[in-house]
Amino acid sequence: MIRTILTLSMFAGAAAPAAGESLFNGKDLTGWEGDPALWRVEGGRIVGETTGEKKIGANTFLIWKGGEVGDFELTVKGRVIGKNNSGIQYRSKVLDPGKWVVGGYQMDMHPDPKYFGMLYEER
């Protein structure tokens, strides 16, 4: 089972958030798009989850569509349960909006400490 707190991609769209403003309101996924079978808000946290019943064949993302950002500081608390991995995309481009596929920079959230935090470019 993969259980991730946050995976995101920045995407140009509406007005940019004000300095110090959070991209997540802590209540729902307003401003975000992703597969509703995988993403939800639970206890003020964004949760992405796959299970034996909810498998994915390829990477899919929760994409923030709330505007275009300039320089930003991202603060995240994340957790991966089991021997699965996830990641946080940033400064990425949407490649397939129907399947929520993005390409760009990713910070890996991997259960093996030698890979956790690794930065690379996906796709």
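Residues numbered from 1 in each chain as written. Predicted model: local features only at pLDDT ≥ 70, side-chain atom pairs only at ≥ 80, totals over all residues. Heavy atoms only, no water.

Caption draft 1: Here's a closer look at the packing of aromatic side chains. Tallying each qualifying case throughout the model produces 1 aromatic pair. Judged by centre distance (5.8 Å) and plane angle (25°), the rings of Y90 and Y105 are stacked. Here Y90 is found in strand β6 (residues 86-96), whereas its partner Y105 is found in strand β7 (residues 101-109), with 15 residues between them in sequence. Note on Y90: relative accessible area 23%, which makes it partly exposed. What makes Y105 partly exposed here is its relative accessible area of 42%. (Phe/Tyr/Trp six-rings, centres within 6.5 Å; stacked < 30°, edge-to-face > 60°. Helix = DSSP H or I, 4+ residues; strand = E, 2+ residues; numbered from the N terminus. Buried < 20%, exposed > 50% of the residue type's maximum accessible area, 1.4 Å probe, protein only.)

Caption draft 2: Geometry of the nonpolar core. The biggest cluster of nonpolar side chains holds 9 residues, and these are L23, F24, W32, L38, W39, I46, L62, W64 and V69. Ignoring anything within four residues of it in the chain, the contact list for F24 reads W32, V41, G44, R45 and I46. The next biggest cluster of nonpolar side chains, apart from the first, holds 5 residues, and it includes F61, I63, W100 and V102. (Core = buried A, V, L, I, M, F, W, Y, C linked by side-chain atoms within 4.5 Å. Contact = heavy atoms within 4.5 Å.)

Caption draft 3: Structural context of a nonpolar patch on the surface. Nonpolar side chains collect at one region of the surface, where F72, L74 and V76 lie side by side and expose about 210 Å² of accessible area between them. Relative to the helices and strands, L74 resides in the loop between β5 (63-64) and β6. (Patch = residues over 30% accessible without salt bridge, like charges linked within 9 Å, V, L, I, M, F, W, Y side chains within 5 Å. Areas by Shrake-Rupley, 256 points an atom, 1.4 Å probe, with all protein chains shown as cover. Salt bridge = Lys/Arg side-chain N within 4 Å of Asp/Glu carboxyl O.)

Caption draft 4: Inspection of the pairing of strand β4 (residues 45-50) at higher detail. Burial of β4 is extensive: 5 of the 6 residues sit out of reach of the surface. Sheet topology places strand β3 (residues 39-42) next to β4; 4 bridges connect them, and they run antiparallel. Of the residues in β4, the one forming a bridge with V41 is I46. Here β3 folds back onto β4, and the loop between the two strands holds 2 residues, one of which, G43, carries a positive phi near 60°. (Pairing = 2+ DSSP bridges.)

Caption draft 5: How the structure looks around the confidence of the model for the protein chain. Per-residue confidence for the protein chain gives a mean pLDDT of 79; residues scoring 70 or more make up 84%. Per-residue pLDDT stays below 50 along residues 1-14; that stretch engages in 76 contacts with residues further than four places along the chain or on separate chains. (pLDDT = per-residue confidence, 0-100.)

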